[in-house]
Amino acid sequence: MFESYKNVLKRGGSHLVTSLRAIIFAVLTGIVLGFVGTAFYYGMQTVTAMRLDHPWLILFLPLAGVLIVWLYHLLHDEKDTGTNLVLSAIHSNENIPLRMAPLIFIATLLTHLFGGSAGREGAALQLGGSIGNSLGKLFHFDEKDQHIMIMCGMSAAFSALFGTPLAAAVFSMEVVSVGIMHYSALVPCVIASLTAHGIASACGIAPEIFPIASIPAFTAKNALIIGIFAVLCALVSILFCKGLHWTEHLLTRSFRNPWLRVLAGAAILIVLSLLTNGDYNGAGMDVIARALRGDVSGWAWLWKLLFTAVTIGCGFKGGEVVPS
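Only a predicted model underlies this, so the values are computations on that prediction, with no experimental measurement involved.

K.L.:
Report on the overall build of the protein chain, specifying residues and quantitative values.
P.N.:
In terms of regular secondary structure, the protein chain is built from 12 helices and 0 strands. Starting at the N terminus and ending at the C terminus, the protein chain contains elements arranged as α-α-α-α-α-α-α-α-α-α-α-α. Taking all 324 residues of the protein chain together, 45% fall into the buried category. Sequence-distant contacts, at least 24 apart, represent 78% of the contacts inside the protein chain between residues at least 6 apart.

K.L.:
I'd love a proper account of the nonpolar core, names of residues and values included.
P.N.:
Of all hydrophobic cores here, the largest spans 68 residues; its most connected members are F40, L61, F114, C189 and F316. No other element matches helix α6 (residues 143–162), which puts 12 residues into this core.

K.L.:
Summarise the confidence of the model for the protein chain; cite the residues concerned and give the values.
P.N.:
Low pLDDT marks stretches whose predicted atomic positions should not be read closely. Model confidence for the protein chain is summarised by a mean pLDDT of 85, while 86% of its residues fall at 70 or above. The secondary structure element of the protein chain with the lowest average pLDDT is helix α3 (residues 83–89), at 67, and the one with the highest is helix α10 (residues 258–276), at 94.

K.L.:
Give a description of helix α11 (residues 285–292) that names residues and reports values.
P.N.:
Regarding α11, the residues found buried are M285, V287 and R290. Immediately beyond the C-terminal end of α11, within one or two residues, lies G294, with a positive phi of roughly 75°.

K.L.:
Explain the pattern of salt bridges to me, using residue names and the numbers behind them.
P.N.:
Taken as a whole and judged by the stated rule, the model has 1 salt bridge. Close ionic contact of D286 with R290 constitutes a salt bridge, the shortest N to O distance being 3.8 Å. Here D286 and its partner R290 are both found in helix α11, 4 residues apart, which amounts to about one turn of the helix. Of the residues examined, D286 reaches a relative accessible area of 38% and is grouped as partly exposed. Relative accessible area serves as the criterion here: at 16%, R290 is assigned to the buried category.

K.L.:
Quick rundown of the environment of A309? Include the residues and the values.
P.N.:
With respect to the helices, strands and loops of the structure, A309 is situated in helix α12 (residues 300–314). Look at A309 and you get buried, because its relative accessible area is 2%. Put simply, A309 and E248 are 61 residues apart on the chain and 7.4 Å apart in space, counted from C-alpha to C-alpha. Residues within four places of A309 in sequence aside, it is in contact with G243, L244 and T247.

K.L.:
Residue-level account of α6, with values.
P.N.:
Under the 1.5 Å per step criterion, the end-to-end length of α6 is 29 Å for 20 residues, consistent within 8% with the ideal 28 Å. Most of α6 sits out of view: 17 of its 20 residues are buried. Of the residues flanking the end of α6, it is G163, one or two places downstream, whose phi is positive at about 70°.

K.L.:
Just give me the short version of the packing of helix α2 (residues 61–74) against α10, but keep the residues and values in it.
P.N.:
Between α2 and α10, the least distance of the axes is 8 Å, while the angle of their chain directions is 150°. Judged on the interaxial angle alone, α10 and α2 are roughly antiparallel. In this structure, the crossing between α2 and α10 has a hand that is right-handed. Two secondary-structure elements touch here, α2 through L61, P62, G65, V66, V69 and W70 and α10 through P258, W259, V262, L263, A266, L269 and I270. Each residue belonging to the contact of α2 with α10 can be placed in one class, and the counts come to 12 nonpolar, 1 polar and no charged.

K.L.:
An account of the environment of G37 is needed here, citing residue identities and associated values.
P.N.:
With respect to the secondary-structure elements, G37 resides in helix α1 (residues 2–53). Under the relative-accessibility criterion, G37 is labelled buried at 4%. A C-alpha to C-alpha distance of 9.9 Å links G37 and A123, two positions 86 residues apart in sequence. Once you skip the residues sitting within four places of it in the chain, G37 turns out to touch A160 and L161.

K.L.:
Provide a residue-level description of the side chain of T247, including the pertinent values.
P.N.:
Following the sequence through the fold, T247 ends up in helix α9 (residues 220–254). The exposure class assigned to T247 is buried, which follows from its relative accessible area of 18%. Excluding anything up to four places from it in sequence, T247 contacts A309 and V310.

K.L.:
Could you give me a rundown of the packing of helix α5 (residues 121–138) against α6, with the residues and numbers involved?
P.N.:
Two numbers describe how α5 lies on α6: the axes approach to 7 Å, and their chain directions differ by 140°. The angle between α5 and α6 places the two elements in the oblique class. Between α5 and α6 lies a crossing whose hand is right-handed. Facing E121, A124, L125, G128, G129, G132, N133, L135, G136 and K137 of α5, the residues of α6 in contact are Q146, M149, I150, G153, M154, A157, F158, L161 and F162. Of the residues belonging to the contact of α5 with α6, the class tally is 10 nonpolar, 7 polar and 2 charged.

The rules behind these values
Residues numbered from 1 in each chain as written. Predicted model: local features only at pLDDT ≥ 70, side-chain atom pairs only at ≥ 80, totals over all residues. Heavy atoms only, no water. Helix = DSSP H or I, 4+ residues; strand = E, 2+ residues; numbered from the N terminus. Buried < 20%, exposed > 50% of the residue type's maximum accessible area, 1.4 Å probe, protein only. Contact = heavy atoms within 4.5 Å. Core = buried A, V, L, I, M, F, W, Y, C linked by side-chain atoms within 4.5 Å. pLDDT = per-residue confidence, 0-100. Salt bridge = Lys/Arg side-chain N within 4 Å of Asp/Glu carboxyl O. Expected span 1.5 Å × (residues − 1). Axes fitted to C-alpha atoms, helices over the stretch in contact; angles between N-to-C directions. Parallel < 35°, antiparallel > 145°, perpendicular 65-115°, else oblique. Left-handed = near helix turned anticlockwise from the far one by under 90°. Nonpolar A, V, L, I, M, F, W, Y, C, P; charged D, E, K, R; others polar.

Printed below as a string of structure tokens:
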């Protein structure tokens, strides 16, 4: 009987130590990514304001593209797969190099400064995954804990940038594999996410908010309309994903040299920008705001899809989700 109680206490103590360890390192990850995310947020705000104040910067987009390709070549990361590497690393032992963080940080700012059409979430996931993975290696975590640290980093960076701590925690756990939730990472991810959000809020970062004046009553007719709308959104999402892959494949096949590919993509974006008065450059948050006012073309979604597909496909950096 005494041995039984002793074993129970031993196992309980082991679980307690493991839990405290996870909480401590989740807080540490949140603190680090909170400050990194804050720096990235203000960097994005600065370059976006500069681009809006100086529309002629779009003419230097080819130069920015060449600089991005050169940076990745300089650090021997030409075959970088970006967010895909972060996601696949949670399933395997693939290494996420720390150099991914400064590369995506600088490359995304350059993309947005000179008019590339991309979001921020891809950069957030790469920043978080890279730094989370490096912290895990620094403290010699085993494979399982290393994967949790990557998800904690993703949650923290996403939360700091977008101000949605709970959504960020859940997103980082479910985006890895559709239909599978990594529940073992739930508590660490939530703690890391809330910590990063607290730091970002203290530094003056406010989440993007789009107020809705009134919500329609839930009736059979409205339910049917919402259902049809959801199906259409799903189809657009599929088209968006396919468009990204098709455009990247087409540009890669047409221009095998990455330097020529980014120059060709930049030239296409300049022409498209001149045709649309620069409405679809940058992250596209202004397009969402105008859409809520009813002040955009019915084809705005298709323009934004095309801009983002060319931007990401030719070698510029950023995110793919927000433009949708």
